[in-house]
Amino acid sequence: MYLVRDVLDKQLVDKAEVRVGKVNGIVLRLDEHGRPKVEALELGASTLAKRLLIGVGLRARAHGRDGYRLAWSHVTDVGIDITVDADRRELPLERWQEWLRRNVLSWIPGGLS
Amino acid sequence: MKKLLEISLGVVTSVGGFLETGSIATSAQAGAAYGFSLIWAVILGTGCLIFLVEMSGRFAIASHHTIADGIRDRFGSNFFILAFVVISVVNLMVLAAEIGGVTLALQFLTGWSFQWWAVPVAFAAWLLLWRGTFGTIEKGVSSLGLIALSFVVAMFVMGPPWREVARGAIPSLPAKDGWHYAFIAVSILGATISNYLFFFYSSGAIEEKWDKSYFGVNKITAAFGMAFGGALSVAIIVLAAVVYSSHGIDDIEGYEQIAMILTPALGRWGIYIFSFSLLITCFGAALELSLAQAYITAQGFGWNWSEDAKPKTDPAFTLVYTAVIAIAVIPITAGLDPLKVTIFSMAITAISLPLGVIPFLFLMNDKALVGDHTNGWIGNAVVLFIIGLAFALAIVTVPLQIWGG
């Protein structure tokens, strides 16, 4: 498995096959022997923003809040999609959509029916 | 039997989806200014479109993912965001043009200014997306679009000099006004090969749950649907060439002039049939564009999406089309000439073309995504040709816009 080819930017789905975001970043950590280990997947828009800044040569500005980190132990399958056994209500996408339901859809007729 | 029904529905859908304000306006302009001699541009554009649409469908069937998914997956988030921003701007412009087309049709039918129709039309489109399903929208609206076949009927009624029409299928250099000729040719290609169609078509294949038994259906739908659509554009060029030359018109200044092209063949019903064709085809295209924008956004950022799902289930997806319709209605409400918006949006479609076409070369040869259904050498040769064409179009559009538009 190659992390960039097979994991980065892939679709994340939960156990119910619901799409819960893309793999926006990968967090590696060195263990006590200095070997890199995949620790987590990073979700959320801030990671995308950082990658964009680095991509246009503004690495110095790419700091600030880390994205949501989903521990690698939650990953159950790596195929065309990446399946995770996390509760989607805890993930940034669904939390944002819940906000949209409460603050936007509730104002539109038929939004919550 | 079921497949046969699906194929015919698919072809009807494509015919309805092909013709819209862009192809109507650019074809009418071409016919007015250069007679039959730009028919080749429609044929070239349609040929390219058939290949790309077939690939979009094949990609979706083989990988269970859409073209937007594939771009994010293979090219990373930065390229995706670049393509996303450019294509979104183009989609908004074209959507404004389509809303403008519907409102003009209503102006011809009722006599009330198009500006007043903009908000009601946008609201109707939004309501259909908000409450409807993919099936009702695709099949319902597109079947009504068959009325556009009256352009073909009118062409036969007019009985043009067929030998000259056939000569127009071969590219030729104009006797006058090279810049303008090239500008119209580029606009026709822009109106024919539009990025949003690939995103829409590959998403449609997923929405309709096409499985591995649909490769054949996909090929036939792409080929016949787009070919029939192209035939409608050719019919408009022919009608424009015949009708305008007898009236001494060689430049289209307003949609009223385009609205009369059916009158010599179909009599006083002509204007109503034209208006209804314009209304329904532009309305269909507006729905497809709004959905395409929601598809690209949701797929690129990994949200859940489906036109069949309730807004409550996928709020982010539904709010994208809500927002784009709300934005695109502004220029028409403000009274910007829909014909100008159309011509301009077709030209910028041509600029954005490389971003949508280059990914095909990589996605369609990626065994990890499409398995054994990669492109053969013909498919790859055609994609390379289209990429070359797309770059040429993108580069010449700006100078042509200045000197030829």
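Notes on the structure in this doc start here. (Residues numbered from 1 in each chain as written. Chains lettered and ligands numbered in written order. Predicted model: local features only at pLDDT ≥ 70, side-chain atom pairs only at ≥ 80, totals over all residues. Heavy atoms only, no water.)

Brief notes about the overall build of chain B
Applied cut-off: Numbered from the N terminus, helices here are DSSP runs of H or I no shorter than four residues, and strands are runs of E no shorter than two. Restricting the calculation to C-alpha atoms gives the radius of gyration, and the globule rule supplies 2.2 Å times the number of residues raised to the power 0.38. For each residue, the accessible area found with a 1.4 Å probe, counting protein chains only, is set against the maximum for its type, and the residue is called buried under 20%, exposed over 50%, and partly exposed in between. Whether two residues are in contact is decided by their heavy atoms: any pair within 4.5 Å suffices.
In terms of regular secondary structure, chain B is built from 18 helices and zero strands. Relative to the compact-globule value of 22 Å for 405 residues, chain B shows a C-alpha radius of gyration of 20 Å, a close match. For the C-alpha atoms alone, the extent of chain B along its principal axes is close to 55 × 50 × 45 Å. Here chain B holds 405 residues, and 62% of them are scored as buried. Here the analysis covers contacts within chain B between residues at least 6 apart in sequence; of these, 84% occur between residues at least 24 apart.

Quick look at the side chain of Asp73 of chain B
Note the following rule: Under the rule applied, a polar contact is a pair of N or O atoms within 3.5 Å (in protein, one hydrogen donor and one hydrogen acceptor; residues adjacent in sequence only if both atoms are side-chain atoms).
Here Asp73 of chain B shows up in helix H4 (residues 67-110). Within polar-contact distance, the side chain of Asp73 of chain B engages the side chain of Lys10 of chain A at 3.0 Å. Contacts of Asp73 of chain B, omitting those with residues within four sequence positions, involve Arg5, Leu8, Asp9 and Lys10 of chain A together with Leu369 of chain B.

Topic: empty space enclosed by the protein
All names here are of chain B. Stated precisely, the cut-off is as follows: A 1.4 Å probe that fits but cannot get out identifies a cavity on a 1 Å grid over protein atoms alone, an open set with protein on both sides within 12 Å along at least five of seven lines counts as a pocket, and a residue lines either if it has an atom within 4 Å of a point. Grid points are joined across faces, edges and corners, and a volume is the space filled by probe spheres set on the points. Residue polarity is assigned by list, with Asp, Glu, Lys and Arg as charged and Ala, Val, Leu, Ile, Met, Phe, Trp, Tyr, Cys and Pro as nonpolar; anything else, Gly included, falls into the polar class.
This structure, assessed with the given rule, holds four cavities of 30 Å³ or more. Within this model, the largest cavity holds a volume of roughly 80 Å³. Along its surface, the largest cavity is lined by Glu20, Ile87, Val90, Asn91, Val94, Ala191, Ser194, Asn195, Tyr196, Met346, Thr349 and Ser352. Of all elements in the fold, only H4, helix H10 (195-207) and helix H16 (338-363) reach the threshold of two or more residues within the lining of the largest cavity. Looking at the lining of the largest cavity, the element that brings in the most residues is H4, giving four residues. When the residues that make up the lining of the largest cavity are grouped by side-chain class, the tally is six nonpolar, five polar and one charged.

As for the packing of helix H3 (residues 92-103) of chain A against helix H15 (residues 315-333) of chain B
Filter applied, for reference: Each axis is a line fitted through C-alpha atoms, and for a helix only the stretch in contact is used; angles between axes span 0 to 180 degrees, taken between their N-to-C directions. When an angle is under 35 degrees it counts as roughly parallel; over 145 it counts as roughly antiparallel; between 65 and 115 it counts as roughly perpendicular; any other value is oblique.
It is the contact of H3 of chain A with H15 of chain B, at a shortest axis distance of 9 Å, that shows an interaxial angle of 60°. As far as their axial angle goes, H15 of chain B and H3 of chain A are oblique. Contacts from Trp96, Gln97, Leu100 and Arg101 of chain A in H3 of chain A reach Pro315, Ala316 and Leu319 of chain B in H15 of chain B. Taken together, the residues that form the contact of H3 of chain A with H15 of chain B break down as five nonpolar, one polar and one charged.

Topic: the layout of surface pockets
Reported here for the largest pocket is a volume of approximately 550 Å³. Contributing to the lining of the largest pocket are 21 residues, with Glu17 and Arg19 of chain A together with His64, Ile206 and Trp305 of chain B lying nearest its centre. Broken down by secondary-structure element, the contributors of at least two residues to the lining of the largest pocket are strand E1 (11-13) and strand E7 (81-84) of chain A together with H10 of chain B. For the lining of the largest pocket, the element with the highest residue contribution is H10 of chain B, accounting for three residues. Broken down by class, the residue content of the lining of the largest pocket amounts to seven nonpolar, seven polar and seven charged.

Topic: the interface of chain A and chain B
Quick note on the threshold: Buried area is understood as the total, over both parts, of accessible area removed when two parts are fitted together, assessed with a 1.4 Å probe. Each reported salt bridge corresponds to a side-chain nitrogen of Lys or Arg within 4 Å of a carboxyl oxygen of Asp or Glu.
The interface is formed by 31 residues belonging to chain A together with 30 residues belonging to chain B. Surface buried jointly by chain A and chain B totals about 2500 Å² across both partners, of which 55% is contributed by carbon and sulfur atoms. Per-residue buried area on chain A facing chain B is highest for Arg19, Lys22 and Ile80 of chain A; these three make up 24% of the total on that side. In this assembly, chain A and chain B are joined by three salt bridges. In this structure, Asp69 of chain B and Lys22 of chain A form a salt bridge, with 3.1 Å as the shortest nitrogen-oxygen distance. Contributing elements (two or more residues each) for the side of chain A that touches chain B: strand E2 (19-22), helix H2 (45-55) and H3 of chain A.

A short note on the nonpolar core
General note: in soluble globular proteins, nonpolar side chains tend to be found buried as a group. Convention followed: By nonpolar core is meant a set of buried Ala, Val, Leu, Ile, Met, Phe, Trp, Tyr and Cys residues that side-chain atoms within 4.5 Å join together.
Among the nonpolar cores identified, the biggest contains 157 residues, and Leu38, Phe151, Tyr244, Tyr255, Ile258, Phe274 and Tyr321 of chain B are the most heavily contacted of them. The leading source of residues in this core is H4 of chain B, at 19 residues. In this structure Tyr255 of chain B touches Thr21, Ile24, Ala25, Leu104, Phe108, Phe274, Leu278 and Leu339 of chain B, once residues within four positions along its chain are discounted. Membership of the second largest hydrophobic core comes to 12 residues, among which are Leu41, Val75, Val84 and Ala86 of chain A.

A few points about the environment of Asp66 of chain A
Residue and element names in this part refer to chain A. Its location among the elements puts Asp66 in the loop between H2 and strand E5 (68-71). Given a relative accessible area of 43%, Asp66 falls into the partly exposed group. Distance in space between the C-alpha atoms of Asp66 and Glu42 is 8.2 Å, their sequence separation being 24 residues. In this structure, Asp66 is in contact with Glu42, Ser46 and Lys50, ignoring residues within four places of it in sequence. For Asp66, the side chain forms a polar contact with the side chain of Lys50, separated by 3.2 Å. At 3.5 Å, the side chain of Asp66 forms a polar contact with the side chain of Arg69.

What about the packing of aromatic side chains?
In plain terms, the rule: Ring pairs shown here join Phe, Tyr and Trp side chains whose ring centres sit within 6.5 Å, with only the six-membered ring taken for Trp; geometry is labelled stacked below 30 degrees between planes, edge-to-face above 60, and tilted in between.
On inspection of all chains with the given rule, the structure shows 23 aromatic pairs over all chains. The structure contains a cluster of three or more aromatic residues connected by ring pairs, namely Phe134, Phe200, Tyr295, Trp305, Phe317 and Tyr321 of chain B.

Brief notes about the sheet that holds E5 of chain A
Residues and elements named next belong to chain A. This is how it is decided: Think of it this way: DSSP has to see at least two bridges between two strands before they count as a pair.
Here three strands make up an open sheet; going across it, the order is E3-E4-E5 and the pairing antiparallel. Among the strands making up the open sheet, the edge pair consists of strand E3 (25-30) and E5. Each strand of the sheet is rotated relative to its neighbour by a mean of 40°, with strand direction disregarded. Here six bridges tie E3 to strand E4 (residues 36-43), and the two strands are oriented antiparallel to one another. Of the residues in E4, the one forming a bridge with Ile26 is Leu41.

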